[in-house]
Structure formats: structure tokens, C-alpha cells
Amino acid sequence: MSKRLLTLFTMVLVLGVFSVAQAQQPTASDGSTLVLTEEQINDEFRIPSTPTRRISNLEVDVQEDGVHISFDMTTIKDGTSNTVNIIAVLIGLYQPERQQMMWSFADLLVTSVRATGTQRRELMNLIGGAWRNYLADVADVNVRSLNFTKITFSALDLTLEVETFEAESVG
């Protein structure tokens, strides 16, 4: 009898593990369209400040060639502050191998001069991270489960065709 009980318990355990593993497989949810107005983006989008970096005068201008983001960044080091003006132009690029759009920087200027390699990497991380987090918040999904299939820019708004990948619910 105990051998039967052990076999039954093992079968239930294996089926339970299999069900949980299946539930965690990513599945595409229905695609949706997200339209963000320039006014909405300006009201909601933020680049976080830190004790050594203050962001001010953040402005987003949606144009037909991309999302233009400008702001002043004051860095503080050893009691000395330095303020620079940043202008970034975000565009959507199609990645055929992934069949998705990704955000890229068409231009990145620091006080009207093209960003150097180091500046570019730091600013891409700063602005790109804030932008991805903002879009995930607006779409109400985890940033890692967000996939854009089409990005359209117009004079005053941004249209995103979004596909999200979520865990299936068990039940």
C-alpha cells in the first residue's frame, strides 16, 4: 500500500511541476496599439536625478523623425557642479532577426556637440533606461515583456503597436 501511495504522490508531484512549468512559458498576448501624445509624455516621462546628478528642464518633442528629448544635467563632483544641455533623438529601428522594433539614438548632443563614446554610452543607459521604464509603465507591463512591432511618429504623437509576453495563468 505504501508503494502505491508513493507512486501516486510522485505522479501528482510530477504533474504539478509540469503544470507550473507550462504556466511560466511566455505566450504572446493580443497586440494592442498605444498612442501617446506629446503633452502626455511631457507630463509623465521622467529621468531620475541622483545625489550627484540633477536633471532639470526636461522636455519631449515628438516630431515626424523621432522623439526629441532635451534636458539640463548638472553633475556634482568634489563640491563642484557642471551643467550641460543634452539633446537626444530616439528613433525606432526594425530588427528583422527578432521581428521587432527597437529604440535607437539617431543623435545625441552634449552642449551642442556630438557626444563622445563614453558620454554616448552613459547617456544611452540613462535616457534609454528611463524611456523603456516609462513605456512599460504606460503599457502596464514588465519592461522585459514589452515588444514593439511598429513605431509611428507624427507631429504631436507617438503610436506604438505593442505585443507583450506574459506568463499564462494556472487554472
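Our subject is the structure that appears above.
These numbers were taken from a predicted model, which means no experiment stands behind them. (Residues numbered from 1 in each chain as written. Predicted model: local features only at pLDDT ≥ 70, side-chain atom pairs only at ≥ 80, totals over all residues. Heavy atoms only, no water.)

Chemist: Explain the overall build of the protein chain residue by residue, including any values.
Modeler: The number of helices and strands found in the protein chain is 3 helices and 9 strands. Sequence-ordered secondary structure for the protein chain, helices as α and strands as β, is α-β-β-α-β-β-β-β-β-α-β-β. Excluding contacts between residues fewer than 6 apart, the proportion of contacts in the protein chain whose partners are at least 24 apart in sequence is 47%. A total of about 11,200 Å² of accessible surface is found on the protein chain, and carbon and sulfur atoms cover 53% of it. (Helix = DSSP H or I, 4+ residues; strand = E, 2+ residues; numbered from the N terminus. Contact = heavy atoms within 4.5 Å. Areas by Shrake-Rupley, 256 points an atom, 1.4 Å probe, with all protein chains shown as cover.)

Chemist: So what's going on with the nonpolar core? Which residues, and what values?
Modeler: Within the largest apolar cluster, 38 residues are counted, with the highest numbers of intra-cluster contacts made by Ile69, Trp103, Ile127, Trp131, Leu158 and Leu160. Mapped onto this core, the elements with two or more residues apiece are β2 (32–37), β3 (53–63), β4 (66–77), β5 (80–95), β6 (100–110), α3 (117–139), β8 (146–153) and β9 (157–167). When residues of this core are assigned to their parent elements, the largest contribution, 8 residues, is made by α3. (Core = buried A, V, L, I, M, F, W, Y, C linked by side-chain atoms within 4.5 Å. Buried < 20%, exposed > 50% of the residue type's maximum accessible area, 1.4 Å probe, protein only.)

Chemist: Describe unusual backbone geometry, and please don't skip the residues or the numbers.
Modeler: The backbone phi angle of Asn57 is positive, close to 55°, even though this residue is not glycine. Mapping Asn57 onto the fold places it in strand β3. Even without being a glycine, Asp78 presents a positive backbone phi close to 55°. Looking at the secondary structure, you find Asp78 in the loop between β4 and β5.

Chemist: Mind laying out α3, listing which residues take part and the relevant values?
Modeler: With 23 residues, α3 extends 32 Å between its outermost C-alpha atoms, agreeing within 8% with the 33 Å of an ideal straight helix rising 1.5 Å per residue. By the burial criterion, the buried members of α3 are Leu123, Leu126, Ile127, Gly128, Gly129, Ala130, Trp131, Tyr134, Leu135 and Ala136. Just beyond α3, the residue with positive phi is Asp140, at close to 60°. (Expected span 1.5 Å × (residues − 1).)

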